[in-house]
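So the chains spell out like this:
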Amino acid sequence: FNGNNSWGYNTNFYMALDKAYGSPDDLRAFVNEAHQLGMAVVLDIVFNQSDGLHPWYQMYDISANPFYNATAPHSYSVLNDWKQENPLVQQQWKDALQFWMTSYNVDGFRFDLVKGLGTSYSGSTDGYNKSRVEVMTRLHKHITDIKADGIHINENLAGMQEENEMAADGQLNWNNQSGNSLNYAKGSTSNNLVYYDDEKCSRTKNSLISYAESHDEQRLAYEAVTSGASAIKNNEPNMCNRLGQIAVQLLMSAGSKMIWQFGELADNQNNKNSDGSNNTDAKKVVWDNLNNANKKHLHDTYQALCNFRTSNPDLFINGTVTYTGFTNSNSQPRIIRFTNGDQEVMAFINPAYSGTAKTVAAASTVLKASNSQLICASANFTAGKLNDTTTGVSASVPANGYAVFATLNTAGVDDIIADGGNGTAAAIVTGGYGEIIITGEYNTVSVYNMQGALQSSLRVVPGLYIVTVDGHATKVLVK
């Protein structure tokens, strides 16, 4: 891309690593190290526009350019708009995907501005567009032809029909919930965070990647400390606890999630220029926020919830979830409940940003005080325990407070299931070389990698896996 100060959305050469990001060997080393840690690497790629140094832009006057539109046919034009229907343009995309997946071994792509990737438009860009579905389906096939489990994410932000057709092809779609999240962080209403859940957005289950903040919006912490209610912006513990409530509602809802780096540390840097445009300057790395007790507690909440999710994929992928009290309000306590057989996890949230604690009660036939473990809680949650009621359980939750409890048979807590242990299952699960070994009789088995993806067989690549045999979870290492 042009210059050195960029997020890379002004691409010129689609098979060149920009000098600002280091050498090709640096990127290969990064990808290799990520894979050794069980992490996938996804590239954000821009196929709707280029900057002015691309050779095909330089070769022709724009009025006669076979590769670019003189006037973009959609409503989101930025820089120089590609003519997507040109076969060579489509071949360029196929070649670029293959290049990054083979030369650098990346695992997939997040496609920017998919609304600009159609080959024909009629009416509003925001309306259903079959050509976008067809283009993205072809691109998805290119990815999976190279890597069967290749990751495909669309920043489409389109209608239900279009995104559900993409989901039926195995593609994931972006779910921007910044507006509701920013309102919640500030203490404003219109903050119904139930829409972190795919199906509550009328989308196919497990087809969305939901997020509370991204580089296109202000940081939640920035909005909280600049325009939040007085009890939030003038009180750092309250602010951090409130951001923790957002983390709970995001990570305790169904579907995949995106966490913008340093949101887990209450980063409150201004992300905008004075005219409201995005500021692409390099941002301060805020690891020193770990030395702040309030921000460290927020970090630990994210850490505990992420660990719990990846250790219990069956619960979050196949379990039943219910949401209680989710309205555009700060007065109604909120409850999230996941159940899967005899496993249950429940989040208790008090959205009020001031006032006294509230007793938050939930119906349950599985979770009891006697079989509960605390997964995480706000710093101001002092009760530390779950209480039994005649119909379920309850917890006393302060304003801006939260607490997440789970049954003892869930994984991810050190004293529940140790690495290589499998509870009371009759079969024994161990990790071998390139395979998972199950010794003994069993009826059902599910294998998930640490990103929560279901594996098709017991023969897997090296890494950590969660293996559920007849409802009992085991964490194993495959060499």
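What counts and what doesn't
Residues numbered from 1 in each chain as written. Predicted model: local features only at pLDDT ≥ 70, side-chain atom pairs only at ≥ 80, totals over all residues. Heavy atoms only, no water. Helix = DSSP H or I, 4+ residues; strand = E, 2+ residues; numbered from the N terminus. Rg over C-alpha atoms; globule rule 2.2 N^0.38 Å. Contact = heavy atoms within 4.5 Å. Areas by Shrake-Rupley, 256 points an atom, 1.4 Å probe, with all protein chains shown as cover. Lys, Arg positive; Asp, Glu negative; His and termini not counted. Charge placed at Lys NZ, Arg CZ, Asp CG, Glu CD. Pairing = 2+ DSSP bridges. Buried < 20%, exposed > 50% of the residue type's maximum accessible area, 1.4 Å probe, protein only. Polar contact = N/O pair within 3.5 Å; in protein donor to acceptor, adjacent residues only side chain to side chain. Axes fitted to C-alpha atoms, helices over the stretch in contact; angles between N-to-C directions. Parallel < 35°, antiparallel > 145°, perpendicular 65-115°, else oblique. Left-handed = near helix turned anticlockwise from the far one by under 90°. Nonpolar A, V, L, I, M, F, W, Y, C, P; charged D, E, K, R; others polar.

Peer 1: Would you mind showing me how to read the overall build of the protein chain here?
Peer 2: Scanning the protein chain from terminus to terminus reveals 11 helices and 21 strands. For 479 residues, the compact-globule estimate of 2.2 N^0.38 gives 23 Å, and the protein chain sits close to it at 24 Å. Judged by the C-alpha coordinates and their principal axes, the protein chain covers about 75 × 60 × 45 Å. Contacts spanning at least 24 positions in sequence make up 65% of the contacts within the protein chain whose residues lie at least 6 apart. On the protein chain, roughly 20900 Å² of surface is accessible, and the fraction owed to carbon and sulfur atoms is 51%. Looking at the protein chain, you have 33 positive and 45 negative side-chain charges, and the mean spots of the two groups are 5 Å apart.

Peer 1: What is the right way to look at the pairing of strand β17 (residues 428–431) in this model?
Peer 2: In summary, the side chains of a regular strand alternate between the two faces of the sheet. Here β17 runs beside strand β18 (residues 436–439); their pairing, made up of 4 bridges, is antiparallel. Paired with Val429 across the strands is Ile438, a residue of β18. Turn length for the β17-β18 hairpin, with the two strands adjacent in sequence and antiparallel, is 4 residues, and the turn residue Gly434 shows positive phi of about 75°.

Peer 1: When you look at the environment of Arg219 in this model, what are you seeing that I'm missing?
Peer 2: With respect to the helices and strands, Arg219 occurs in the loop between β7 (208–211) and α7 (220–227). By relative accessible area, Arg219 is classed as buried at 6%. C-alpha separation for the pair Arg219 and Lys272, spaced 53 residues apart in sequence, amounts to 9.8 Å. Those residues in contact with Arg219 that sit more than four places away from it in its chain are Leu182, Glu213, Trp260, Gln261, Phe262, Gly263, Asp267 and Gln269. A distance of 2.6 Å separates the side chain of Arg219 from the backbone oxygen of Gln261, its partner in a polar contact.

Peer 1: Before we go on, may I ask you to explain the environment of Pro313 in this structure?
Peer 2: Take Pro313: it is sitting in helix α11 (residues 313–317). For Pro313, a relative accessible area of 3% gives the class buried. Note: C-alpha distance between Pro313 and Tyr448 (135 residues apart in sequence) is 6.9 Å.

Peer 1: Can you help me understand the sheet that holds strand β1 (residues 42–45) in this one?
Peer 2: Consider a sheet: its strands pair through backbone hydrogen bonds, and that pairing is either parallel or antiparallel. The sheet built from 6 strands is open, its strands ordered β1-β4-β5-β6-β7-β8 with parallel pairing. A strand with exactly one partner marks an edge of an open sheet, and here the two such strands are β1 and β8 (256–258). Between one strand and the next, the sheet's axes are offset by a mean angle of 30°, whatever the strand orientation. Summarising the sheet, strand β6 (residues 172–176) and β7 pair through 4 bridges and their orientation is parallel. Across the sheet, Trp174 pairs through a bridge with Ile209, a residue of β7. The strands that helix α3 (residues 87–103) touches are β1 and β4 (108–111); relative to β4, the one it contacts most, it runs at about 140°. Contacts from helix α4 (residues 130–146) reach β4 and β5 (151–154) within the one sheet, and its direction differs from that of β5 by about 155°.

Peer 1: Explain the packing of helix α6 (residues 178–186) against α7 to me, please; I cannot follow it from the model alone.
Peer 2: The contact between α6 and α7 brings their axes to 8 Å, and the two run at 40°. In this view, α6 runs oblique relative to α7, as classed from their interaxial angle. The way α6 lies across α7 gives a crossing that is right-handed. Counting all contacts with α6, which are made through Ser181, Leu182, Ala185 and Lys186, the residues of α7 involved are Leu220, Glu223, Ala224 and Ser227. Class assignment for the residues of the contact of α6 with α7 results in 4 nonpolar, 2 polar and 2 charged.

Peer 1: Would you mind going over the sheet that holds strand β20 (residues 463–469) with me for this structure?
Peer 2: Here we have 3 strands laid out as an open sheet, ordered β19-β20-β21, and antiparallel in their pairing. The open sheet has two edge strands, β19 (445–449) and β21 (472–478), and neither has a second partner. Across the sheet, the mean angle separating the axes of adjacent strands is 25° when strand polarity is ignored. Sheet topology places β19 next to β20; 5 bridges connect them, and they run antiparallel. From the neighbouring strand, Val447 faces β20, where its bridge partner is Val467.

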